[in-house]
Amino acid sequence: MSDTNGPRALLKRIRVWLVVFIVCLVLSGATAFPLVTELRLLDEALGSWAAPAGDLLPGLAEWIARVRAGVEGADASAPYLLYGTDWLAFAHLVIAVAFYGPYRDPVRNIWVIDFGMIACVGIIPLALICGPVRGIPFWWSVIDMSFGVFGILPLLAVRRLIKRLEALGGTAGAGAGAGAGTGTGVGVSPTAGRTSPA
């Protein structure tokens, strides 16, 4: 019978959560590049096949149309402004790369998880402060803040799993711990539970 609470099982669960989180980061970053095209398609959809959603949420349809007009205007007269969203996209991709650290060795790189949780919490004051300054509707700021909430949930789960793995003396990564060379990628540190001599 397999041990669902053993180091190998914990590592697998950690990695599944991290892959989901990394994929979401990559998608949220990649979709910031074709912003003009995406807004045009979304605006047209709300006026055609997605019209029922537009009728149900007229404020959303109006906001998307307004943002589309602004972004298209910027793209036509001042395309360099959209360079800022390119950097936003790039930042998401770079942050996604950082999470390869805990994927490879979660115990050693748990600080990346803490960093991600801090970033998720930081979304809320950013939205509450910058949203009104930039004329963003409050309901849209709530949507923005929800990314912080939904983002921190898998990270909390991952952090708990990493702490359990650490308590078992588990480690992961190429050449890490006593599992190196066994092909498992998971081992128990030979110093786990020992105290250093004074």
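In what follows, the accompanying structure is described. Bear in mind the structure is a predicted one, so any value in this text is a computation, not a measurement.

**Observations regarding the layout of surface pockets**
The space that makes up the largest pocket amounts to roughly 2,000 Å³. Looking at the lining of the largest pocket, the elements with two or more residues in it are α1 (7-30), α2 (35-46), α4 (58-77), α5 (83-98), α7 (110-133) and α8 (138-167). Here the element with the most residues in the lining of the largest pocket is α7; it accounts for nine residues. Residues that form the lining of the largest pocket fall into these classes: 33 nonpolar, ten polar and four charged.

**A closer look at the nonpolar core**
Of all hydrophobic cores here, the largest spans 19 residues; its most connected members are Ile14, Leu18, Phe99, Ile113, Leu155, Val158 and Ile162. Among all residues touching Leu155, those that are not within four sequence positions of it are Phe21, Phe99, Ile113, Gly116, Met117 and Cys120. Listed in part, the five residues of the second largest apolar core include Leu46, Ala50, Ala61 and Ile64.

**Here's the deal with the packing of α2 against α4**
Look at α2 against α4: their axes get within 9 Å of each other, and the N-to-C directions meet at 145 degrees. Where α2 crosses over α4, the two elements pack in a sense that is left-handed. Taking contact as the criterion, the partners of Val36, Leu39, Arg40, Leu42, Asp43, Glu44 and Leu46 in α2 are, on α4, Ala61, Ile64, Ala65, Val67, Arg68, Val71, Glu72 and Asp75. Tallied by class, residues from the contact of α2 with α4 come to nine nonpolar, no polar and six charged.

**Some thoughts on a nonpolar patch on the surface**
Taken together, Ile124, Leu128, Ile129, Phe138, Val142, Val149, Phe150, Leu153 and Leu156 make up a surface patch of nonpolar side chains, about 840 Å² in accessible area. Elements represented by at least two residues in the nonpolar patch include exactly α7 and α8. With six residues, α8 is the largest single contributor of residues to the nonpolar patch. Relative to the helices and strands, Phe150 resides in helix α8. Judged by relative accessible area, which is 60%, Phe150 ranks as exposed.

Basis of the calculations
Residues numbered from 1 in each chain as written. Predicted model: local features only at pLDDT ≥ 70, side-chain atom pairs only at ≥ 80, totals over all residues. Heavy atoms only, no water. 1 Å grid on protein atoms, 1.4 Å probe; cavity = no way out; pocket = protein on both sides within 12 Å on 5 of 7 lines; lining within 4 Å. Points joined across faces, edges and corners; volume = space filled by probe spheres on them. Helix = DSSP H or I, 4+ residues; strand = E, 2+ residues; numbered from the N terminus. Nonpolar A, V, L, I, M, F, W, Y, C, P; charged D, E, K, R; others polar. Core = buried A, V, L, I, M, F, W, Y, C linked by side-chain atoms within 4.5 Å. Buried < 20%, exposed > 50% of the residue type's maximum accessible area, 1.4 Å probe, protein only. Contact = heavy atoms within 4.5 Å. Axes fitted to C-alpha atoms, helices over the stretch in contact; angles between N-to-C directions. Left-handed = near helix turned anticlockwise from the far one by under 90°. Patch = residues over 30% accessible without salt bridge, like charges linked within 9 Å, V, L, I, M, F, W, Y side chains within 5 Å. Areas by Shrake-Rupley, 256 points an atom, 1.4 Å probe, with all protein chains shown as cover. Salt bridge = Lys/Arg side-chain N within 4 Å of Asp/Glu carboxyl O.

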